[in-house]
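In case you want the letters, here they are:
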Amino acid sequence: MLNMGTETAIGVQVGLRQAEKARKYLSENNILRKDLKVSRDNSFIYFPVKEAPHISNSYKIIEKEFEINEIKPKSYKEIVSLPGNLKQDLPTSYDVIGDIILIKLPENLIKYQEEIGKSLLKTNKNIKTICLTQPVAGELRTRNVEVISGEKRTKTTHKEYGLTFNVDVKKTYFSPRLATERKRVANLVKPDEVVVDMFAGVAPFSIMIAKYANPKVIYAIDKNEDAVKSARQNIKRNNVLDKIEVIHTDAKEIYRILNQKNAKADRVIMNLPFSAHMFFTSALEIINDNGTIHYYDIQKEEKIQERINELKKTAKENRAVLKNLNVRKIKTYAPREFYIGLDITVRKNTPM
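If you're wondering where the values come from, they're calculated on a predicted model, not measured in any experiment.

Caption draft 1: Quick look at the overall build of the protein chain. When you go through the protein chain residue by residue, the secondary structure sums to eight helices and 17 strands. Taking 2.2 N^0.38 as the reference for a compact globule, 352 residues should give roughly 20 Å; the C-alpha atoms of the protein chain span a radius of gyration of 28 Å, well beyond that estimate. Along the three orthogonal principal directions, the C-alpha set of the protein chain runs to about 90 × 50 × 35 Å. Out of the 352 residues in the protein chain, the part that is buried amounts to 50%. Carbon and sulfur atoms make up 46% of the accessible area of the protein chain, which totals about 18,300 Å².

Here it is, written out as structure tokens:
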């Protein structure tokens, strides 16, 4: 926020009791100056105006010094100081998780990360920490995270749709951009469904479903021990202990575990970008006939159909057919690369 001092300008002096009526008139007629602050004393309100208005004689026209309104930059790009034409390479978007911003920078901007971090802090009043991040990698879905400005921490509390999640952005995966998708899936869950969240992370999908639907049970699976600990905290915090069972294991073990419980899944969530296809056979093993798989991936636009064909081939090899396959581009990940979601109905026990 930049305070620019004062400016001498014409204004309207109005008695305290007449102030609201005068404000409304000046605003409706586009006379009130919004770049200057309204001032007052014990007897009068002073409105800065663009020109002397034609109003009641009881409103006195005066000339005085008004404070200039603080200017709030619309974007960190407006205040960041970079040489040459580097501003054009600044990211237009970033993830906000609780009071932490995660931003990815191109190689040519890395050495300016501190300046960029400070600018982000100045233009986001509720943010306490800025982190430089690399893409999510591996089955544990972790990423290299470096604090470049603000408080030196990676733990935060994130809220969405009335739910609260503890997240350590360095040790666990969480995407705030999937909030609408999580709520959409929760709205599709029918009463008494058995749901398997194969890569649950800190359990945002599982908790959203438990809170806004009425499943029989949700099995929240994750291989990452830190994610499992956070998931258990979040389940307790959101009062859904009776609906979710957290299992710390590799997703490929889920068939054996459900078999021991004599259970099959009516709905499977596969949110493991880049690698979900490697576990598709495991999902087919546990899904009921006519069950639904919500499959997520990150793909270049020209590779989406290739991935779909691969999933269909895997299904055929497992005596299943994929029906009602609905593809949605949820968000842009990189130029011509998308975070996609597939809603898949699985028909089983069909002839080879």
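Text resumes after the structure shown.
Caption draft 2: Representation of the layout of surface pockets within the structure. By volume, the largest pocket is sized at about 600 Å³. Of all the secondary structure elements, the ones that give two or more residues to the lining of the largest pocket are strand S6 (100-103) and strand S16 (320-334). Ranked by residues supplied to the lining of the largest pocket, first place goes to S16 with four residues.

Caption draft 3: A look at the pattern of salt bridges. Enumeration over the complete set of coordinates arrives at 25 salt bridges. The salt bridge partner of Glu302 is Arg336, with a shortest N-O separation of 3.7 Å. Placement of the pair is Glu302 in the loop between strand S15 (287-300) and helix H8 (304-317) and Arg336 in the loop between S16 and strand S17 (337-348), with a sequence separation of 34 residues. Put simply, Glu310 and Arg307 hold a salt bridge, and the shortest N to O gap is 2.7 Å. With Glu310 and Arg307 both in helix H8 and three residues apart, the pair spans about one turn of that helix. With relative accessibility at 12%, the residue Arg307 sits in the buried group. Several salt bridges converge on common partners, so that one network encompasses Glu181, Arg184, Arg328 and Asp343.

Caption draft 4: Region of the structure containing the nonpolar core. In terms of nonpolar packing, the biggest core is built from 38 residues, with Val167, Val169, Ile207, Ile209, Ile235, Ile244 and Ile269 touching the most fellow members. Tallying contributions element by element places helix H4 (residues 204-212) first for this core, with five residues. Among residues more than four places away in sequence, those in contact with Val167 are Ile97, Thr154, Lys155, Thr156, Thr172, Phe174 and Val202. By size, the runner-up hydrophobic cluster in this structure holds 37 residues, among which are Met198, Ala251, Ile254 and Leu272.

Caption draft 5: The environment of Leu16, seen in detail. Here Leu16 is to be found in the loop between strand S1 (6-15) and helix H1 (19-28). Each C-alpha atom, one on Leu16 and one on Tyr46, is 9.7 Å from the other, the two residues being 30 residues apart in sequence. Filtering out sequence-adjacent residues up to four positions away, Leu16 remains in contact with Arg40, Asp41, Asn42, Ser43, Phe44 and Ile45.

Caption draft 6: Layout of the side chain of Ser175. Along the chain, Ser175 turns up in the loop between strand S10 (163-168) and helix H3 (179-188). Side chain to side chain, Ser175 and Lys331 meet in a polar contact 3.0 Å long. In this view, Ser175 contacts Arg182 and Lys331; residues no more than four positions away in its chain are not counted.

Caption draft 7: Geometry of H3. Looking at H3, one finds that the buried residues are Ala179, Glu181, Arg182, Lys183, Val185 and Ala186. Looking at the packing, one finds that the buried side of H3 touches strand S9 (155-160), H4, strand S14 (265-271), S15 and S16.

Caption draft 8: Examining the sheet that holds S1 more closely. On the basis of which strands lie adjacent, the open sheet formed by four strands has the order S2-S3-S1-S4 and antiparallel pairing. A strand with exactly one partner marks an edge of an open sheet, and here the two such strands are strand S2 (39-40) and strand S4 (60-67). In this fold H1 packs onto S1 and strand S3 (44-48), with an angle of close to 10° to the strand it touches most, S3.

About the cut-offs
Residues numbered from 1 in each chain as written. Predicted model: local features only at pLDDT ≥ 70, side-chain atom pairs only at ≥ 80, totals over all residues. Heavy atoms only, no water. Helix = DSSP H or I, 4+ residues; strand = E, 2+ residues; numbered from the N terminus. Rg over C-alpha atoms; globule rule 2.2 N^0.38 Å. Buried < 20%, exposed > 50% of the residue type's maximum accessible area, 1.4 Å probe, protein only. Areas by Shrake-Rupley, 256 points an atom, 1.4 Å probe, with all protein chains shown as cover. 1 Å grid on protein atoms, 1.4 Å probe; cavity = no way out; pocket = protein on both sides within 12 Å on 5 of 7 lines; lining within 4 Å. Points joined across faces, edges and corners; volume = space filled by probe spheres on them. Salt bridge = Lys/Arg side-chain N within 4 Å of Asp/Glu carboxyl O. Core = buried A, V, L, I, M, F, W, Y, C linked by side-chain atoms within 4.5 Å. Contact = heavy atoms within 4.5 Å. Polar contact = N/O pair within 3.5 Å; in protein donor to acceptor, adjacent residues only side chain to side chain. Pairing = 2+ DSSP bridges. Axes fitted to C-alpha atoms, helices over the stretch in contact; angles between N-to-C directions.

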